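Spelled out from the first residue to the last, the chains are:
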Amino acid sequence: MTARTAAEATPTVSQPTSPAPSPRKPGLLYRRSGIWLVRIVTFVAIIAFWEWYASDKSIALIAPPTRVAQSFYEMVVVDQSLIVALAGSVVTMFIGLVLAMLVAVPLGIAMGRSTTLDAVLDPYVTFLYVLPSVAFVPVLVVMLGIDFQLRLALIFLSAVFPILINTIAGVKHVDQELIDGGRSFVATERQIMRTIVLPSSIPYIFAGIRIGFSAAWVGCIVAEMTALITGVGGLLLEAASRFRTADVFVAIFGIMIVAVTIQWFMSRLEVWLTPWRRGETEGH
Amino acid sequence: MGAATTASTVDGTVGGRTIAERVLTRRNGLKIASLLVVFSMWELWGRANPFFASYPTAIAEAASRILFPEVLPAFLTTLWALTVGMVLAIPIGMAFGFGLARFRLLEVALLPYMNAIYATPRIALIPILVLWLGIAFELRVTIVILGAVFPIIINTYSGAKHMDSEMIDTGRAFMASERQLLKTIIIPATAPFVFAGIRIGLGRGVSGVIVAEMTAALTGIGRILISHAKYLQIAEVFVGIMLLGLFSLVLMGGLVRAQRRLTPWDDAERAR
């Protein structure tokens, strides 16, 4: 029951360019040029500090940015090992995510509409939602072997519950008066579903997919690093076991780039798909 | 909400319904029936394929054997790392979050990095952290902090940033001092967001510490899961999983309850 409110868990991609209303001419830090100036200075400072810090440390412990850049070039342009590994991981993640969506959205709508179904399934959904899906890795290894399926299963398990929980919450929060209004105009169940329930729960479903998307990527990396040793997680682990720290950083950046792209893409998509919420979603 | 505390009338009635009636609702009846059906199906199927998914009675038997001598001590090890990590992560996260919201320079300079690290799976950092910190207690605490601190930072930041500025203006108009503003407007308005951040952070902390234990540290509940799975002792693995699940349920339920009590002005909906 209590886990239901977890629909609040909205990973916030911020809108850093919303300036406080100021009567004066916008200050340096509120102008586009100023913002980029500060960002570039910060970036250069971080890289410079890192280079200086790493300069007298062992290359096995921390690689300086110049070495990381060199590795990046080798792994992206020369032998393309990063690209190949990332592509494998990302494709699997998408398959798992789509499967999770195909299960979670219809099931969530059904559970939101039917109190019986909700009561029957709620114990498992709640339990599995709060349980860290990592805990399943050892059991899944025994059940499925260390195969493509394991990665898919963990991605699915990671993504399906956030989407499900949010869909249920969304459908349950549909304004009852709207449904009553529809009923009094003798709308059929299907019409109510299509014209009232779905549109008003889309923001919730979307928030769930956004969380599930990120969770799918985490699940993919976890499966690759704890059991499979393939994909970009495997690449990372292999580099670490040979103390090739520069390659480790490249793999981390690869993982990070995918994660950030997912976040960015989903927040764009959300703005585009639910235009009526523009402005009101500001605070999320 | 407060029904449980007022339930101590002589005949045990609350709002005209007896306690029995409150517990034996249709909903709870359905839940219990569903659990009975699923567990007996699991039992039947599990007995036929014992190495695949075990079955409830075997899990109960395993629990009676290893819960107290083995699983609980391991669990306490995990819990200790989790607690230390969270105790450090909450103040750090809140300080950074308020700092980012308050100082525009920090916001412009650092927010992109905060968001990027927030989005990145922390497990990717474990191999490098092993190189830097070894595999002892520090590693697990660091993983908890890294998992928990960014959700707290980002949520505190967005709570403080997107607060209703009219309230602050009103406060100013009534000559509130900075301290009064902070105490009576900013903190209450931000608290639900901070709570949401702590809840997400705690979830990430739990899974982070388990991954660290499974892949590097080999202690705690993570080791229980891994080591029994290695010998195909699936029932024992499920003891660990069940304990972890119950713990997470209690933890999340407790947090939601604490949040309702501490920030009653927030009607659960709003923080979405």
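In this text, all values refer to a predicted model and were calculated from it rather than measured experimentally.

**Some points on the overall build of chain B**
Of regular secondary structure, chain B possesses 12 helices and 2 strands. In sequence order, chain B lays out its α and β elements as α-β-β-α-α-α-α-α-α-α-α-α-α-α. At 23 Å, chain B has a C-alpha radius of gyration far larger than the 19 Å of a compact globule built from 272 residues. Taken over the C-alpha atoms alone, chain B extends approximately 75 × 65 × 25 Å along its principal axes. In chain B, which comprises 272 residues, the share counted as buried stands at 41%. Relative to all contacts within chain B whose residues are 6 or more apart in sequence, the contacts with residues 24 or more apart total 75%.

**Considering the overall build of chain A**
Summing up its helical and strand segments, chain A has 10 helices and 0 strands in all. Counted from the first residue to the last, chain A has its helices and strands arranged as α-α-α-α-α-α-α-α-α-α. Across the 284 residues of chain A, 44% fall into the buried class. Of the contacts formed within chain A by residues at least 6 apart in sequence, a portion of 74% connects residues at least 24 apart.

**Observations regarding the interface of chain B and chain A**
With 56 residues of chain B at the interface, the matching set in chain A holds 53 residues. Every element with two or more residues in the side of chain B that touches chain A is listed here: helix 3 (26–48), helix 4 (50–53), helix 6 (104–119), helix 7 (126–133), helix 8 (137–161), helix 10 (178–217), helix 11 (220–230) and helix 12 (234–262) of chain B. The residue inventory of the side of chain B that touches chain A, partitioned by class, reads 39 nonpolar, 11 polar and 6 charged.

**Quick notes on the domain arrangement of chain B**
The domains assigned to chain B are domain 1 (1–48) and domain 2 (55–262). On a C-alpha basis, the centres of domain 1 of chain B and domain 2 of chain B stand 31 Å from each other.

**Some words on the domain arrangement of chain A**
Domain assignment breaks chain A into domain 1 (25–56) and domain 2 (76–283). For domain 1 of chain A and domain 2 of chain A, the distance between their C-alpha centroids amounts to 34 Å.

**Focus on the nonpolar core**
Ranked by internal contacts, the top residues of the largest apolar core, which has 141 residues, are Leu-154, Ala-216, Val-222, Leu-236 and Ala-251 of chain A together with Val-144 of chain B. Among the elements that take part in this core, helix 8 (residues 189–228) of chain A stands out by supplying 19 residues, more than any other. Leaving out residues up to four positions away in the same chain, Val-144 of chain B has contacts with Ala-81, Leu-82, Gly-85, Met-86, Ala-89, Gly-205, Gly-208 and Val-209 of chain B.

**Some points on the packing of helix 10 of chain B against helix 11 of chain B**
Residues and elements named next belong to chain B. Orientation of helix 10 relative to helix 11, taken along the N-to-C sense of each, is 55 degrees, at an axis distance of 7 Å. One finds that helix 10 runs oblique with respect to helix 11. In terms of crossing hand, the pair formed by helix 10 and helix 11 is right-handed. Every residue of helix 11 that contacts helix 10 at Ile-210, Glu-213 and Met-214 is listed here: Gly-220, Ile-221, Gly-222, Arg-223, Leu-225 and Ile-226. Its residues assigned to classes, the contact of helix 10 with helix 11 shows 5 nonpolar, 2 polar and 2 charged.

**Notes on the environment of Pro-127 of chain B**
Its location among the elements puts Pro-127 of chain B in helix 7. Sequence separation between Pro-127 of chain B and Ala-216 of chain B is 89 residues; the distance between their C-alpha atoms is 8.2 Å. Contacts of Pro-127 of chain B, omitting those with residues within four sequence positions, involve Leu-236, Leu-237, Ala-240 and Val-248 of chain A.

**Focus on the environment of Val-141 of chain B**
All names here are of chain B. Relative to the helices and strands, Val-141 is located in helix 8. Here the alpha-carbon distance between Val-141 and Trp-80, two residues 61 residues apart in the chain, equals 8.9 Å. With sequence-adjacent residues up to four places away left out, Val-141 is seen in contact with Ala-81, Val-84 and Gly-85.

**Quick word on the confidence of the model for chain A**
All names here are of chain A. Scored by pLDDT, chain A comes out at a mean of 84, with 88% of its residues at no less than 70. Here helix 5 (residues 137–144) stands out as the least confident element of chain A, with mean pLDDT 84; helix 3 (residues 81–113) is the most confident, with 93. Counted against residues more than four places away or in other chains, residues 1–19, with its pLDDT under 50, gives 52 contacts. The model gives residues 280–284 a pLDDT under 50, and that stretch makes 6 contacts with residues more than four places away or in other chains.

**A look at the packing of helix 9 (residues 231–241) of chain A against helix 10 (residues 245–273) of chain A**
All names here are of chain A. One way to put it is that helix 9 packs onto helix 10 with a least axis distance of 8 Å and a crossing angle of 160 degrees. The angle between helix 9 and helix 10 falls in the class roughly antiparallel. Here the hand of the crossing between helix 9 and helix 10 comes out left-handed. Touching Val-232, Leu-235, Leu-236, Ala-239 and Ala-240 of helix 9 are Asp-247, Val-248, Ala-251, Ile-252, Gly-254 and Ile-255, all from helix 10. Within the contact of helix 9 with helix 10, the residues separate by chemical class into 9 nonpolar, 1 polar and 1 charged.

**Notes on the confidence of the model for chain B**
Residues and elements named next belong to chain B. Of all residues in chain B, 91% have pLDDT values of 70 or greater, and the mean over the chain is 84. Mean pLDDT across the elements of chain B bottoms out in helix 1 (residues 3–6) (42) and peaks in helix 8 (92). Predicted confidence for residues 1–10 stays below pLDDT 50, and this span has 5 contacts to residues more than four positions away or in other chains. Contacts of residues 268–272 to residues separated by more than four positions or lying in other chains number 10 contacts, the stretch itself having pLDDT below 50.

What counts and what doesn't
Residues numbered from 1 in each chain as written. Chains lettered and ligands numbered in written order. Predicted model: local features only at pLDDT ≥ 70, side-chain atom pairs only at ≥ 80, totals over all residues. Helix = DSSP H or I, 4+ residues; strand = E, 2+ residues; numbered from the N terminus. Rg over C-alpha atoms; globule rule 2.2 N^0.38 Å. Buried ≥ 20, exposed ≤ 12 C-beta atoms within 10 Å, placed from the backbone. Contact = placed C-beta atoms within 7 Å. Nonpolar A, V, L, I, M, F, W, Y, C, P; charged D, E, K, R; others polar. Domains from an automatic or database assignment. Core = buried A, V, L, I, M, F, W, Y, C linked by C-beta atoms within 7 Å. Axes fitted to C-alpha atoms, helices over the stretch in contact; angles between N-to-C directions. Parallel < 35°, antiparallel > 145°, perpendicular 65-115°, else oblique. Left-handed = near helix turned anticlockwise from the far one by under 90°. pLDDT = per-residue confidence, 0-100.

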